[in-house]
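Working through the structure, step by step
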Amino acid sequence: MANLLWLEGQACSGNTMSFLTAEEPDVIDLLTQYGINLSWHPSLCLEAGIEVKKLLNDFITEKTPLDILVIEGAIARGPHGTGKYDVFCERPFKDWIAELSKVAGIVVAVGECASFGGIPASGINPTDATGVQFHKNEKGGFLGANFKSRAGLPVINISGCPAHPDWITQTLLAAALRPNDILLDDYHRPLDFYATTTHQGCTRNEYFEYKVGAEEFGCKEGCLSLNFGCKGFNTHSSCNRTLWNRQSSKTRAGVPCFGCTEPDFPTYNFFKTEKSGMIPKEHPFGVNKFAYLAHAATGKLAAPKRLKTKLIKGRE
Ligand code: SF4
Ligand code: SF4
């Protein structure tokens, strides 16, 4: 059995909520069929106070082997490096993480805040929050750029706000069974889920190509990047290939992709495309401004009439 410990720092528990809705595999199957023992989770287990402290110390002294350490939420380092903005079981949370990560077989950061700092590390960052092994785009974070767990792996980041439920259970399953087969991108995200973008699989791709923009929030037709700030083309996720609740995604529901899996989240005007004159400031796939202009102009000129008709029908 692989012992899995889930701890929560500066977080909203959104990734726990997401985890509970997983379907392939679901949480019950994950914990009963695949040899994972949930040693403790702040929302799902009964132990509290002194019992949890003992359990954590048993891991640190290696009386109990810690196979998988899952961290949800950012790590508070303030004030002045003490970590006292987030105290857990009578110690700064960060001190528990520093010791537990030394004995953990694999360390997994679940969600945007644990992966890159997310919301707590944004703006003026009053708690000096950071991600477990990244601070936004920069490698380092709390454990440092060179950290490797006992299995010889860096922190595995399942980014997202929250991460998709199945990305979580499938990564934990792989971590328990075949950790060395998990291939990661430059931000330590499993390539199985983050190699492609939200744009791939979006039902609005044809509108994107011909630059036919959605006209209102929540509408059925039109691309959401022209007016409503969709950044699906630069966001690594499988949201439009592995649908949420097997039903939908933000863009399918007429909501722009916010880029919640990227290290710079949230630095974006969620519902409005930032423009310089008439041109969106962010260009798809990193193409330069002139290439974008040429593509957009050609696309607009060639836009088939049926797309406009569909757009009008979508309003009804
Ligand atoms: S709505 Fe977003 S993800 Fe969909 S085609 Fe437009 S830019 Fe791409
Ligand atoms: S569509 Fe974009 S913002 Fe929404 S969950 Fe997926 S990556 Fe995050």
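**Things to note about the overall build of the protein chain**
- The secondary structure content of the protein chain amounts to 10 helices and 13 strands.
- What you see for the protein chain is a C-alpha radius of gyration of 21 Å, in line with the 20 Å of a compact globule of 316 residues.
- Once the C-alpha set of the protein chain is aligned to its principal axes, its extents read approximately 70 × 45 × 35 Å.
- Within the protein chain, contacts between residues separated by at least 24 positions form 71% of all contacts whose residues are at least 6 apart in sequence.
- Placing the 33 positive and 33 negative side-chain charges of the protein chain at their respective mean positions leaves the two points 8 Å apart.

**Observations concerning the side chain of His41**
- With respect to the helices and strands, the residue His41 is situated in the loop between β2 (36–40) and α3 (50–60).
- Classification of His41 as buried rests on a relative accessible area of 0%.
- A distance of 3.2 Å separates polar atoms of two side chains, one belonging to His41 and the other to Thr16.
- Discounting chain neighbours no more than four positions away, the residues touching His41 are Trp6 and Thr16.

**Some details on the site of ligand 2**
- In the region of ligand 2, the neighbouring residues are Thr198, Thr235, Ser237, Cys239, Trp244, Lys250, Cys257, Phe258, Gly259, Cys260 and Thr261.
- Class assignment of the residues belonging to the shell around ligand 2 gives a composition of five nonpolar, five polar and one charged.

**Re the packing of α3 against helix α4 (residues 93–103)**
- The geometry of α3 relative to α4 is characterised by a closest axis approach of 8 Å and an angle of 45° between their N-to-C directions. With respect to each other, α3 and α4 are oriented oblique. Together, Lys53, Leu56, Asn57, Phe59 and Ile60 of α3 and Trp96, Glu99, Leu100 and Val103 of α4 make up the contact between the two elements.
- Here the contact of α3 with α4 is built from residues that sort into six nonpolar, one polar and two charged.

**Considerations on the domain arrangement of the protein chain**
- Looking at the assigned domains, one finds that the protein chain contains domain 1 (2–193) and domain 2 (205–315).
- A separation of 32 Å is found between the C-alpha centroids of domain 1 and domain 2.
- Listed per partner, the contact involves 23 residues of domain 1 and 17 residues of domain 2.
- Taken as a group, His164, Trp167 and Arg189 account for 30% of the area that domain 1 buries against domain 2, more than any other trio of residues on that side.
- Between domain 1 and domain 2 we count three salt bridges in total.

**Remarks on the pattern of salt bridges**
- In this structure the tally under the stated criterion is 12 salt bridges.
- Salt-bridge contacts for Arg306 lead to Glu206; the nearest nitrogen and oxygen are separated by 2.6 Å. Taken together, the residues span a long stretch of sequence, with Arg306 in helix α10 (residues 305–315) and Glu206 in helix α8 (residues 205–209) at a distance of 100 residues.
- For Arg306, a relative accessible area of 44% corresponds to the partly exposed category.
- Because the salt bridges share partners, they merge into one network encompassing Glu24, Asp166 and Arg246.

**Brief notes about the packing of aromatic side chains**
- For the structure on display, the rule yields 14 aromatic pairs.
- Measuring from centroid to centroid gives 6.3 Å for Phe270 and Phe271, while their planes differ by 80°, and the two rings are edge-to-face.
- Owing to a relative accessible area of 25%, Phe270 belongs among the partly exposed residues under this scheme.
- In textbook terms, an aromatic cluster arises when at least three aromatic residues are bridged by ring pairs, as seen for Phe217, Phe258, Phe265, Phe270 and Phe271.
- Geometry around Trp96 places Arg91 over its ring, the cationic atom sitting 4.6 Å from the centre.
- The residue whose ring lies beneath Lys211 is Phe208, and the NZ or CZ to ring-centre distance is 3.9 Å.

About the thresholds
Residues numbered from 1 in each chain as written. Chains lettered and ligands numbered in written order. Predicted model: local features only at pLDDT ≥ 70, side-chain atom pairs only at ≥ 80, totals over all residues. Heavy atoms only, no water. Helix = DSSP H or I, 4+ residues; strand = E, 2+ residues; numbered from the N terminus. Rg over C-alpha atoms; globule rule 2.2 N^0.38 Å. Contact = heavy atoms within 4.5 Å. Lys, Arg positive; Asp, Glu negative; His and termini not counted. Charge placed at Lys NZ, Arg CZ, Asp CG, Glu CD. Buried < 20%, exposed > 50% of the residue type's maximum accessible area, 1.4 Å probe, protein only. Polar contact = N/O pair within 3.5 Å; in protein donor to acceptor, adjacent residues only side chain to side chain. Near = heavy atom within 4 Å. Nonpolar A, V, L, I, M, F, W, Y, C, P; charged D, E, K, R; others polar. Axes fitted to C-alpha atoms, helices over the stretch in contact; angles between N-to-C directions. Parallel < 35°, antiparallel > 145°, perpendicular 65-115°, else oblique. Domains from an automatic or database assignment. Buried area = accessible area lost by both parts, 1.4 Å probe. Salt bridge = Lys/Arg side-chain N within 4 Å of Asp/Glu carboxyl O. Phe/Tyr/Trp six-rings, centres within 6.5 Å; stacked < 30°, edge-to-face > 60°. Lys NZ or Arg CZ within 6 Å of the ring centre and 35° of its normal.

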